[in-house]
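Observations on chain architecture
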Amino acid sequence: MTWTGPTTCALITDAEKQAIHDRLGPDPLRADADPAAAHARIRRSRTSIAALLMDQKVIAGVGNVYRAEVLFRHGIDPYRPGKDITPAEWDALWSDLVALMREGVRANRIDTVRPEHTPEAMGRPPRVDDHGGEVYVYRRAHLPCHVCGTEIRTADLAARNLFWCPTCQRR
Ligand SMILES: [Zn+2]
């Protein structure tokens, strides 16, 4: 096989493009994203899952609201080390991020509560927050958990405020 000039150029361009892509973890909004690539990094890490979810080299585009909410929805303590996240838990987290983030783009707001925890279902007033949307823990510090009534906690993690329920979310 003979390599021609233009072909070589094209190959370098593709390789460079791939190198840039490889520096970012998979993006749940992309159909071609590979969740196993993210789990490969997570399962080798002693870093907390909450910090890993904010690391763009692990997973791209999650952001602070979805990180807090998806960990709540799966009952995972934000300080649990990545290496202790099981493959089944990771699959569930990833599928949920894909669904929640797609819905967020479609609706242009972030809602993360399940049907049984909406204001209508629970007979509670809707959330009043600039951010909009119904959530379980994000920016709900010191308010009662919608599921168990425990006071929602907050702490600084990976330079952002973290929110979680110490009863619903387990190590
Ligand atoms: Zn709770």
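Owing to the predicted nature of the structure, the values given are computational and were not obtained by experimental measurement.

**Structural notes on the overall build of the chain**
Summing up its helical and strand segments, the chain has six helices and two strands in all. In the chain, the succession of helices and strands from N to C terminus is α-α-α-α-α-α-β-β. Counting across all 171 residues of the chain, residues that qualify as buried make up 40%. By element, 54% of the accessible surface of the chain is carried by carbon and sulfur atoms, the whole surface being about 9,600 Å².

**Some points on the packing of helix α4 (residues 63-73) against helix α5 (residues 87-107)**
Taken N-terminus to C-terminus, the directions of α4 and α5 make an angle of 130 degrees; their axes are 10 Å apart at the nearest point. Considered as vectors, α4 and α5 are oriented oblique to each other. Regarding α4 and α5, the two cross each other, and that crossing is right-handed. Contacts from Tyr66, Val70, Leu71 and Arg73 in α4 reach Leu93, Asp96, Leu97, Leu100, Met101 and Gly104 in α5. Residues that form the contact of α4 with α5 fall into these classes: seven nonpolar, one polar and two charged.

**Re the nonpolar core**
With 38 residues, the main nonpolar core has Ile59, Leu71 and Trp90 as its most contacted residues. Those elements that place two or more of their residues in this core are α2 (35-42), α3 (49-53), α4, α5 and β2 (160-164). A total of seven residues in this core trace back to one element, the largest contributor, which is α5.

**A word on the packing of aromatic side chains**
Tallied over the entire structure, the rule returns four aromatic pairs. Residues Trp90 and Trp94 carry aromatic rings whose centres are separated by 6.2 Å and whose planes lie at 50 degrees to one another, so their mutual orientation is tilted. Of this pair, Trp90 and Trp94 are both found in helix α5, four residues apart, which corresponds to roughly one turn of the helix. Taken as a pair, Trp90 and Trp94 share a single burial class, namely buried. Ring centres of Tyr138 and Phe163 lie 5.5 Å apart, and the angle between their planes is 75 degrees; on these two criteria the pair is classed as edge-to-face. Of this pair, Tyr138 sits in the loop between α6 (119-122) and β1 (153-157) while Phe163 sits in strand β2, placing them 25 residues apart in sequence. Each member of the pair Tyr138 and Phe163 is classed as buried.

**Remarks on the environment of Ile76**
Mapped onto the elements, Ile76 comes out in the loop between α4 and α5. With 13 residues separating them along the chain, Ile76 and Glu89 place their C-alpha atoms 8.9 Å apart. Non-local contacts of Ile76, meaning those with residues more than four positions away in its chain, are made with Ile49, Leu71, Ile85, Glu89, Leu93, Gln169 and Arg170.

**Observations concerning the coordination of the zinc ion**
The protein atoms donating to the zinc ion are Cys145 (SG), Cys148 (SG), Cys165 (SG) and Cys168 (SG), with metal-donor distances spanning 2.3 to 2.4 Å. For the zinc ion, the four donor atoms in the first shell make angles of 99 to 113 degrees at the metal, a pattern classed as tetrahedral. Motif for the zinc ion, donor spacing along one chain: C-x2-C-x16-C-x2-C. Placement of the pair is Cys145 in the loop between α6 and β1 and Cys165 in the segment after β2, with a sequence separation of 20 residues. Overall, the relative accessible area of 6% leaves Cys145 in the buried class. Taking relative accessible area as the criterion, Cys165 reaches 0% and is therefore assigned buried.

Parameters at a glance
Residues numbered from 1 in each chain as written. Predicted model: local features only at pLDDT ≥ 70, side-chain atom pairs only at ≥ 80, totals over all residues. Heavy atoms only, no water. Helix = DSSP H or I, 4+ residues; strand = E, 2+ residues; numbered from the N terminus. Buried < 20%, exposed > 50% of the residue type's maximum accessible area, 1.4 Å probe, protein only. Areas by Shrake-Rupley, 256 points an atom, 1.4 Å probe, with all protein chains shown as cover. Axes fitted to C-alpha atoms, helices over the stretch in contact; angles between N-to-C directions. Parallel < 35°, antiparallel > 145°, perpendicular 65-115°, else oblique. Left-handed = near helix turned anticlockwise from the far one by under 90°. Contact = heavy atoms within 4.5 Å. Nonpolar A, V, L, I, M, F, W, Y, C, P; charged D, E, K, R; others polar. Core = buried A, V, L, I, M, F, W, Y, C linked by side-chain atoms within 4.5 Å. Phe/Tyr/Trp six-rings, centres within 6.5 Å; stacked < 30°, edge-to-face > 60°. Donors = N, O, S within 2.8 Å, 3.2 Å for Na, K, Ca; no water. Tetrahedral: all angles 85-135°; square planar, octahedral: opposite > 155°, others 65-115°.

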